[in-house]
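What the coordinates show
Listed below are the residues making up each chain.
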Amino acid sequence: MGEAGLGIDIGGSGIKGAPVDLDNGTLLVDRVKYPTPHPALPETVAEVVARLTEDLSGHVPSRSPVGVTFPAVIQHGIARTAANVDPSWIGVNVSALLSERTGREVFAVNDADAAAVAEHRFGAARGAVGTVLVTTLGTGIGSALLVDGRLVPNTELGHIELDGRDAETWAAASVKEREGLSFPDWASRLQRYYSAVCRVLWPDLIVVGGGVSREADQFLPLLDLPCPIVAAHLRNTAGILGAAALAHERRATN
Ligand code: BGC
């Protein structure tokens, strides 16, 4: 067994965590999941994260850091936006709050950034050099940029403007559901979205994550873009794996 780390994924419906083998990106035991409290305020979410850490702490060394994903801009530990989370998070030092509650060193990271690191270390973009864009299609659109494996944090390309709209309110997977769009109809929105992103970024590879990536064969072949676009490999463990890996890497460089 390689070195173990702890990853926790804070999502809109569940808060999930698992100990991770950082050498090969596997979970050491099944994920533990608690429902996200409603309203999902900093205090109540912190309580659940503390409980989860406690549940899993026997599987990792007591000094190992915890990586935690959060679905907002996280700049040096502090939540800066709240597109799909309670506005009371804005300005909260998520890393400090959760470190205090769990008694461990916590590194908070944007959810898409964590997923991208996981895909690069263990998944669809494993070892990729050049510019890799990872997008997660879910309630919103998350984005993450890696250059030779190094994360450029908080890119937020889900919020580019298309026809005067915030792109994620028109092209996210939740919009497909809400409007009952067929895969071809949705794919024509994705075509516009990814073309706009490619025009300004010219990535070498795009990886598409989020629950809907399970059905990638229904929409990715319909897209015509200047670079390969592939489905994520890690699915619902990407956040946990990436957060654990990043926490470990950051601690090593601090
Ligand atoms: C947020 C991002 C997040 C994405 C996916 C967007 O609305 O602005 O920070 O990564 O949703 O959860």
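Residue numbers here run from 1 along each chain, matching the order of that chain's written sequence. Owing to the predicted nature of the model, reporting of local features is limited to residues with pLDDT of at least 70; listing and counting of side-chain atom pairs is limited to 80 or more, with chain, interface and lining totals taken over all residues. Each side-chain value is worked out from all heavy atoms of the structure, with water and hydrogens disregarded.

Thoughts on helix α7 (residues 238–253)
Spacing of three or four residues puts side chains on the same side of an α-helix, whose turn is 3.6 residues. Helical segments are the DSSP runs of H or I of at least four residues, strand segments are the runs of E of at least two, and each set is numbered from the N terminus. By this rule, a helix spans an expected 1.5 Å times one less than how many residues it contains. Taking 1.5 Å per residue as the helical rise, α7 with its 16 residues ought to reach 22 Å, and the 22 Å between its terminal C-alpha atoms agrees with that figure. Among the residues of α7, those classed as buried are Ala 238, Gly 239, Ile 240, Leu 241, Gly 242, Ala 243, Ala 244, Ala 245, Leu 246 and Ala 247. Throughout this description, buried means an accessible area under 20% of the type-specific maximum (1.4 Å probe, protein chains only), exposed means over 50%, and partly exposed covers the range between.

Some thoughts on the site of the ligand
Any residue with a heavy atom positioned within 4 Å of a molecule or strand is treated as near that molecule or strand. Neighbouring the ligand are the residues Pro 71, Ala 72, Val 73, Ala 83, Asn 84, Asn 110, Asp 111, Ile 141, Gly 142, Glu 156, His 159 and Glu 168. Counting of polar contacts relies on pairs of N or O atoms within 3.5 Å, with two restrictions inside protein: one atom must be capable of donating a hydrogen and the other of accepting it, and residues adjacent in sequence are counted only when both atoms are side-chain atoms. At 2.5 Å, a side-chain N or O of Asp 111 approaches an oxygen atom of the ligand. Between the ligand and Glu 168, the relevant distance is 2.8 Å, taken from an oxygen atom to a side-chain nitrogen or oxygen of the residue. Using a 1.4 Å probe, the Shrake-Rupley method yields the accessible areas, and only the shown protein chains count as cover for residues. Isolated, the ligand exposes 310 Å² of accessible area, and the fraction of that covered by the protein chains is 93%. When the residues that make up the shell around the ligand are grouped by side-chain class, the tally is 5 nonpolar, 4 polar and 3 charged. Residue ranges for the domains originate in an automatic or database domain assignment. The residues that make up the shell around the ligand include at least three from each of domain 1 (4–114 + 236–253) and domain 2 (127–231). When residues are grouped by polarity, Ala, Val, Leu, Ile, Met, Phe, Trp, Tyr, Cys and Pro land in nonpolar, Asp, Glu, Lys and Arg in charged, and all others, Gly among them, in polar.

Thoughts on unusual backbone geometry
Backbone phi values are negative for most residues with the exception of glycine, while trans is the configuration of most peptide bonds. That bond from His 38 to Pro 39 is cis: its omega, 0 degrees, falls within 30 degrees of zero. Positive phi is not limited to glycine here, since Asp 148 has a value of about 50 degrees. In this structure, Asp 148 sits in the loop between β10 (141–147) and β11 (150–152). According to the relative accessible area criterion, Asp 148 is exposed, its value standing at 53%. Of note in this structure, Arg 235 is not a glycine but carries a positive phi near 50 degrees.

A word on the pattern of salt bridges
Between Lys or Arg on one side and Asp or Glu on the other, a salt bridge is scored when a side-chain nitrogen of the former is within 4 Å of a carboxyl oxygen of the latter. Under the defined criterion, the tally for this structure stands at 7 salt bridges. A salt bridge links Glu 105 to Arg 251, with the nearest nitrogen and oxygen atoms 2.4 Å apart. Note that Glu 105 is positioned in the loop between α2 (94–102) and β8 (106–110) and Arg 251 in helix α7, a separation of 146 residues in sequence.

Points about helix α6 (residues 183–201)
The terminal C-alpha atoms of α6, which comprises 19 residues, lie 25 Å apart, in line with the 27 Å expected from a rise of 1.5 Å per residue. Listed as buried for α6 are Phe 183, Trp 186, Ala 187, Arg 189, Leu 190, Tyr 193, Tyr 194, Ser 195, Ala 196, Val 197 and Cys 198. Between a side-chain oxygen at the N-terminus of α6 and the backbone nitrogen of Asp 185 the separation is 3.2 Å; the capping residue is Ser 182. In the segment just after α6, Trp 202 is the residue with positive phi, at about 45 degrees.

Structural notes on the domain arrangement of the protein chain
Per the domain assignment, the segments making up the protein chain are domain 1 (4–114 + 236–253) and domain 2 (127–231). The straight-line distance from the C-alpha centre of domain 1 to that of domain 2 is 24 Å. Contact residues are listed per partner, giving 11 residues for domain 1 and 12 residues for domain 2. Summed over both partners, the accessible area lost on bringing two parts together, with a 1.4 Å probe, is the buried area. Buried surface at the junction of domain 1 and domain 2, both sides included, amounts to about 810 Å², of which 50% is carbon and sulfur. Every residue pair with non-hydrogen atoms within 4.5 Å of one another is taken to be in contact.

A short note on the side chain of Thr 36
Structurally, Thr 36 is set in the loop between β4 (32–35) and α1 (42–56). Take Thr 36: its relative accessible area is 6%, and that puts it in the buried class. A polar contact of 2.8 Å, which involves the side chain of Thr 36, links it to the backbone oxygen of Gly 11. Among the polar contacts listed, one links the side chain of Thr 36 to the backbone nitrogen of Gly 14, at a separation of 3.0 Å. Filtering out sequence-adjacent residues up to four positions away, Thr 36 remains in contact with Gly 11, Gly 12, Ser 13, Gly 14 and Ile 15.

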